[in-house]
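# Overview (structure and organization)
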Amino acid sequence: MSPRPVILEVVARTLYWVILAASAWVLLRGHNEPGGGFIGGLVAVSASVLWGIAHGPAAAMRRLPTGSPLVLGTLGVALAAVSGVPAWWYGDAFLTHLWSELPLGFTSLPISTVLAFDLGVFLAVWGALAGYALGLLAVEEGAEERT
């Protein structure tokens, strides 16, 4: 295995969190603006791949919120699917998104099932593609060790 550049390991410590913050921003602005769960998930994958290149694929998989890309992707798909269920309670079609307001006293916060759906897509993309990319990095790392 070839040694990893020290500068990359040091820069990745901060850049990882900056990229994840950017992915959260893209996720949250996504319904009415460019962005959303898919693009935010892709940005989060780039943070995981950066960590995988800097510290190794196994370390990057341990940094995923669930510790496993399979569990993360499955959780995302389940959340996206469950976000369509509340519409059934009101007699609407599955995945018809509902909006409401949460009164906070001095203001109200608009909430929607759209955010749950986008968060599910975000987690599914992050889990699936990070698992794939980190798996490729692990194969490459193993090939370097054999040569």
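Please refer to the structure placed before this passage.
Notes on the structure in this doc start here. (Residues numbered from 1 in each chain as written. Predicted model: local features only at pLDDT ≥ 70, side-chain atom pairs only at ≥ 80, totals over all residues. Heavy atoms only, no water.)

Relative to the 33 Å expected for 23 residues at 1.5 Å per residue, helix α1 (residues 6–28) spans 34 Å between its end C-alpha atoms, a close match to the ideal helical length. Along α1, the sharpest kink reaches roughly 40°, centred on alanine 12. Restricting attention to buried positions, one finds in α1 the residues Ala12, Tyr16, Ile19, Leu20, Ser23, Val26 and Leu27. (Helix = DSSP H or I, 4+ residues; strand = E, 2+ residues; numbered from the N terminus. Expected span 1.5 Å × (residues − 1). Bend = angle between axes of the 7 residues up to and from the residue. Buried < 20%, exposed > 50% of the residue type's maximum accessible area, 1.4 Å probe, protein only.)

This brings us to the packing of α1 against helix α2 (residues 37–55). Their axes nearest at 8 Å, the elements α1 and α2 cross at an angle of 170°. Put simply, α1 runs roughly antiparallel to α2. For the contact of α1 with α2, a count of residues per class yields 17 nonpolar, six polar and two charged. (Axes fitted to C-alpha atoms, helices over the stretch in contact; angles between N-to-C directions. Parallel < 35°, antiparallel > 145°, perpendicular 65-115°, else oblique. Nonpolar A, V, L, I, M, F, W, Y, C, P; charged D, E, K, R; others polar.)

Moving on: the environment of alanine 124. Following the sequence through the fold, alanine 124 ends up in helix α6 (residues 113–146). Residue classification places alanine 124 among the buried residues on the basis of a relative accessible area of 16%.

Let us now look at a nonpolar patch on the surface. On the surface, Trp88, Trp89, Tyr90, Phe94 and Leu95 cluster together to form a nonpolar patch covering roughly 660 Å² of accessible area. Assignment of secondary structure puts leucine 95 in the loop between α5 (85–89) and β1 (99–103). (Patch = residues over 30% accessible without salt bridge, like charges linked within 9 Å, V, L, I, M, F, W, Y side chains within 5 Å. Areas by Shrake-Rupley, 256 points an atom, 1.4 Å probe, with all protein chains shown as cover. Salt bridge = Lys/Arg side-chain N within 4 Å of Asp/Glu carboxyl O.)

Assignment of secondary structure puts serine 83 in the loop between α4 (69–82) and α5. Considering only alpha carbons, one finds serine 83 and leucine 20, 63 residues apart in sequence, at a separation of 23 Å. Dropping the residues within four chain positions of it, serine 83 is found in contact with Leu95, His97, Thr113, Ala116 and Phe117. (Contact = heavy atoms within 4.5 Å.)

Moving on, we get to the nonpolar core. Tyr16, Leu20, Trp51, Phe122 and Trp126 are the most contacted members of the largest nonpolar core, which has 21 residues in total. Leucine 20 has contacts with Ala44, Ala47 and Trp126, leaving out every residue within four places of it along the chain. (Core = buried A, V, L, I, M, F, W, Y, C linked by side-chain atoms within 4.5 Å.)

Time to look at α4. Between its first and last C-alpha, α4 extends 20 Å over 14 residues, near the 20 Å set by a 1.5 Å rise per residue. Residues of α4 that are buried include every one of Pro69, Leu72, Gly73, Gly76 and Ala80, and no others. One side of α4 carries all its buried residues, which in axial view fall inside an arc of 95°. Those residues of α4 that are exposed and angled more than 90 degrees off the buried face are Leu70 and Val82. Where α4 begins, the capping side chain belongs to serine 68, and its oxygen is found 3.3 Å from the backbone nitrogen of leucine 70. (Arc of directions from axis to C-beta. Polar contact = N/O pair within 3.5 Å; in protein donor to acceptor, adjacent residues only side chain to side chain.)

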